[in-house]
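Spelled out, the chains give:
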Amino acid sequence: MSRRDFVKVTGTGLALATLPGFIRTGFAGVGAGDNPYNFYFQRFGIDEDMIRKVMTEALHYGGDYCDLFFQNELSNSIRLQDNIVNSASTNVTLGVGIRVLNGNQTGYSFTEDISLASMKAAARTAAGIASGSAKAAPQSFNATKLMNYYDTKVSYEDVGVKDKVGMLQSINDDVFKEDPRVVKASVNFSDSEKYILVVNSEGGIASDYQPMLRISVGCTAEEEGRKENNYFDYSARDDINFLTEAKLKRLPREAVARTVKLFEAQTPPAGEFPVVLSAGSAGILLHEAIGHGMEADFNRQGISVYSEKMNKKIAAPFVTIVDNGTNPHIRGSINVDDEGIPSEETVLVEDGVLRTYIHDRISAKHYGVKPTGSGRRESFKHYPMPRMRNTYMRSGPHEFDEMIASVEYGILADQFTNGQVNIGPGDFTFYVKSGSLIENGKITAPIKDVNIIGNGPDVLEKVTMVANDMKMAEGGWTCGKNGQGVPVSQGMPSVLVSSITVGGRG
């Protein structure tokens with residue numbers, strides 16, 4: 001069945017249409033059953049015999065390994081701005097990617113038409129990477145047993161468009177009620193339900209249901225002719241029940257509070273200062289400036305500064321950093337990666353010592369270690385790479401108040417919005433949307449519009465205190481790498497860095 005036929009049959013050509021019933025009854029609330037790939041056999045006309053025929057084409061010229069990655073995804077988004085819904089969309093994705101590995105070489109092809117003829121043609125393209133004798137496809141496939149880290153009860157199919165719009169309108173109204181200085185508001189909501197099926201030439205087969213939700217609220221306030229804007233958002237691998245009444249009330253309250261606080265903020269002087277990174281969202285600095293350097297492909301190619309530091313001390317003994325795909329309902333969690341490897345918690349830095357990298361199948365084979373369940377891709381149109389999931393530093397032995405009291409003059413960096421990183425050496429520039437001055441051991445005036453500039457490995461060595469208050473970021477982050485975006489999350493306890501270059505006034 002082609003993508004076009006699928007859309008026609010299920011009626012998803014209608015704006016904000018619902019998921020087909022077989023998804024609701026067959027998979028909603030199911031992470032990975034005993035034999036979930038039968039779903040695909042029954043609904044898309046794919047069976048084991050068809051898969052073996054496609055694999056036979058993929059291994060026609062030899063090759064060490066091949067896999068098929070099926071993806072079916074339906075996503076919806078609604079945007080309410082200036083008190084009206086000004087955009088709404090639905091997107092359906094259906095297709096298969098076929099990969100052949102031959103030594104260090106990768107052959108890859110994909111098709112949106114999952115008929116046997118189209119898949120065999122795609123397989124022949126991917127097979128072109130090899131030039132040996134044909135190999136046989138597996139005679140049978142064994143389902144991989146998986147845990148479920150995002151159990152859900154409700155399909156987004158069962159959430160009506162009117163209910164979503166009503167929810168957004170109520171949030172919009174609350175934004176204006178929060179403060180008379182608010183002059184503009186916008187509310188964005190998106191949901192998606194993705195189904196994947198991974199089959200490989202080693203006889204492995206795994207499937208997963210991956211829900212996702214994101215909601216963000218932005219506003220602009222005006223005071224004496226001066227305007228400020230800010231936002232607050234949530235994201236989770238969960239169903240609509242994630243949005244409790246308390247969370248819906250907090251969204252406008254936080255967005256407005258963050259915005260009007262900027263009227264009191266000043267830009268601090270420039271220079272080298274101690275910087276306290278706030279618990280939670282400051283984890284983006286850990287992700288960008290340090291985490292990417294621990295992805296195995298950058299080390300295998302000798303690009304990363306960590307390529308020669310395995311089992312060496314790179315931080316204080318109270319610093320432990322993990323990349324974890326098993327945190328319940330967190331945005332970057334996955335039951336299984338896009339190569340069919342079960343997810344896990346991977347300890348990258350243990351008590352200040354670099355212990356491992358983030359691996360996919362190719363890098364794991366190169367280093368002679370097990371894959372870490374980190375082979376991820378944007379869609380069936382892309383090949384997998386080592387990617388982070390939820391990256392964070394574990395809590396340390398210090399108290400937050402103790403940390404602040406130790407700083408004579410510095411800044412508390414609270415909200416990060418964007419930045420740039422040179423992944424090889426780890427040089428970075430990050431924009432701090434809001435924070436506070438620290439003077440004589442106390443938090444004083446709010447600050448804004450600050451750039452912090454540094455080098456990730458150098459900053460890691462300058463971490464002198466780690467608090468016992470680790471928090472995960474609550475918002476929706478998408479990590480970009482080599483043109484592919486995947487959902488991730490990150491977290492941090494409050495951390496004191498002895499000095500970072502602060503780009504302020506003067």
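Look above for the structure.
Throughout what follows, the structure given in this document is the object of discussion. Everything quoted here is computed from the prediction, not taken from an experiment.

**Points about the overall build of the chain**
Within the chain, the secondary structure is distributed over 12 helices and 22 strands. Each of the three principal axes of the chain carries a C-alpha extent, and together these read 70 × 55 × 35 Å. The buried share of the chain, reckoned over its 506 residues, is 56%. Accessible area for the chain stands at about 20000 Å²; split by element, carbon and sulfur atoms hold 48% of it.

**Overview of the layout of surface pockets**
A probe matching the size of a water molecule, rolled over the atoms, marks out where space remains unfilled. The computed volume of the largest pocket comes to approximately 660 Å³. Along the wall of the largest pocket there are 29 residues; nearest its centre are Glu73, Ser75, Ser192, Glu378 and Pro487. Where the lining of the largest pocket is concerned, the elements lending two or more residues are β1 (65-81), β2 (84-102), β5 (182-200), β6 (204-223) and β21 (484-492). Considering every element that reaches the lining of the largest pocket, the biggest residue donor is β1, with 5 residues. Of the residues that constitute the lining of the largest pocket, the class distribution is 5 nonpolar, 14 polar and 10 charged. Here the second largest pocket defines a volume of roughly 530 Å³. Lining the second largest pocket are 24 residues, with Phe232, Arg258, Ser281, Asp414 and Gln415 sitting closest to its centre. Only β7 (226-236), α7 (245-261), β15 (409-422) and β19 (471-472) provide two or more residues apiece to the lining of the second largest pocket. Per-class residue counts for the lining of the second largest pocket are 7 nonpolar, 8 polar and 9 charged.

**Some details on the pairing of β6**
A large share of β6 lies buried, amounting to 17 of its 20 residues. Relative to β6, strand β4 (residues 142-143) is paired through 2 bridges, and the arrangement is parallel. Looking across to β6, one finds that Ala143 is bridged to Ile205. Between β5 and β6, which pair antiparallel one after the other, the connecting turn spans 3 residues, and Gly203 there sits at a positive phi close to 90°. Pairing between β6 and β7: 11 bridges, direction antiparallel. By the bridge assignment for β7, Cys219 is matched with Asn230. Connecting β6 to the antiparallel partner β7 that follows it, the hairpin turn spans 2 residues, and Glu224 within it adopts a positive phi of roughly 50°.

**Remarks on the environment of Met167**
Mapped onto the elements of the fold, Met167 is located in helix α6 (residues 161-178). A relative accessible area of 14% places Met167 in the buried class. In sequence terms Met167 and Leu248 are 81 residues apart; their C-alpha atoms lie 8.4 Å from each other. Those residues in contact with Met167, other than ones at most four positions away along the chain, are Phe189, Ile215, Leu243 and Leu248.

**Some details on the pattern of salt bridges**
The final tally for this structure, using the stated rule, is 24 salt bridges. In this structure, Arg181 and Glu223 form a salt bridge, with 2.6 Å as the shortest nitrogen-oxygen distance. Of this pair, Arg181 sits in the loop between α6 and β5 while Glu223 sits in strand β6; the two residues are 42 residues apart in sequence, bridging distant segments of the chain. Salt bridges linked by common partners bring Asp67, Arg99 and Glu339 together as one network.

**Let's talk about α6**
Because each turn of an α-helix spans 3.6 residues, side chains separated by three or four positions end up pointing in the same direction. Here α6 contains 18 residues, and its C-alpha end-to-end distance of 26 Å stays within 8% of the 26 Å for a straight helix at 1.5 Å per residue. Along α6, the residues that are buried comprise Lys164, Met167, Leu168, Ile171, Asn172, Asp174 and Val175. One side of α6 carries all its buried residues, which in axial view fall inside an arc of 160°. Projecting away from the buried face of α6 at angles above 90 degrees are the exposed residues Lys162, Asp163 and Lys177. Contacts made by the buried residues of α6 are with β1, β5, β6 and α7.

**With respect to the pairing of β21**
Buried residues dominate β21, accounting for 7 of its 9 residues. Pairing of strand β14 (residues 390-393) with β21 involves 3 bridges; the strand directions are parallel. Note on β21: the bridge partner recorded for Thr391 is Gln490. Here 2 bridges tie β19 to β21, and the two strands are oriented antiparallel to one another. Across the sheet, residue Met472 finds its bridge partner in β21, namely Gly491. Here strand β20 (residues 477-481) pairs with β21 via 5 bridges, running antiparallel. Bridged to Thr478 within β21 is Pro487. Hairpin connection from β20 to β21: 2 residues lie between these consecutive antiparallel strands, with Asn482 at a positive phi of about 50°.

**Considering empty space enclosed by the protein**
Tallied over the entire structure, the rule returns 2 cavities of 30 Å³ or more. Considering only enclosed or pocket space, the largest cavity measures out at about 70 Å³ in volume. In this structure, the largest cavity is lined by Leu277, Leu285, Leu286, Ile290, Met393, Val459, Leu460, Val463, Met492, Val495 and Val497. With 3 residues, helix α8 (residues 283-291) is the largest single contributor of residues to the lining of the largest cavity. Across the lining of the largest cavity, the residue classes tally to 11 nonpolar, no polar and no charged.

**Some thoughts on the nonpolar core**
Core analysis: the largest hydrophobic core is formed by 49 residues, its most contacted members being Val319, Ile321, Met393, Phe416, Ile452 and Leu460. Counting 29 residues, the second largest nonpolar core, distinct from the first, contains Tyr156, Phe232, Leu243 and Leu251.

**A short note on unusual backbone geometry**
For residues that are not glycine, phi is negative in most cases, and the peptide bond is trans in most cases. For Asp351, which is not glycine, the phi torsion reads 50° and is therefore positive. With respect to the helices and strands, the residue Asp351 is situated in the loop between β10 (345-350) and β11 (353-354). Residues other than glycine seldom take positive phi values, yet Asn482 does so here, at roughly 50°. Tracing the backbone through its elements, the reader meets Asn482 in the loop between β20 and β21.

Reading guide: rules and limits
Residues numbered from 1 in each chain as written. Predicted model: local features only at pLDDT ≥ 70, side-chain atom pairs only at ≥ 80, totals over all residues. Heavy atoms only, no water. Helix = DSSP H or I, 4+ residues; strand = E, 2+ residues; numbered from the N terminus. Buried < 20%, exposed > 50% of the residue type's maximum accessible area, 1.4 Å probe, protein only. Areas by Shrake-Rupley, 256 points an atom, 1.4 Å probe, with all protein chains shown as cover. 1 Å grid on protein atoms, 1.4 Å probe; cavity = no way out; pocket = protein on both sides within 12 Å on 5 of 7 lines; lining within 4 Å. Points joined across faces, edges and corners; volume = space filled by probe spheres on them. Nonpolar A, V, L, I, M, F, W, Y, C, P; charged D, E, K, R; others polar. Pairing = 2+ DSSP bridges. Contact = heavy atoms within 4.5 Å. Salt bridge = Lys/Arg side-chain N within 4 Å of Asp/Glu carboxyl O. Expected span 1.5 Å × (residues − 1). Arc of directions from axis to C-beta. Core = buried A, V, L, I, M, F, W, Y, C linked by side-chain atoms within 4.5 Å.

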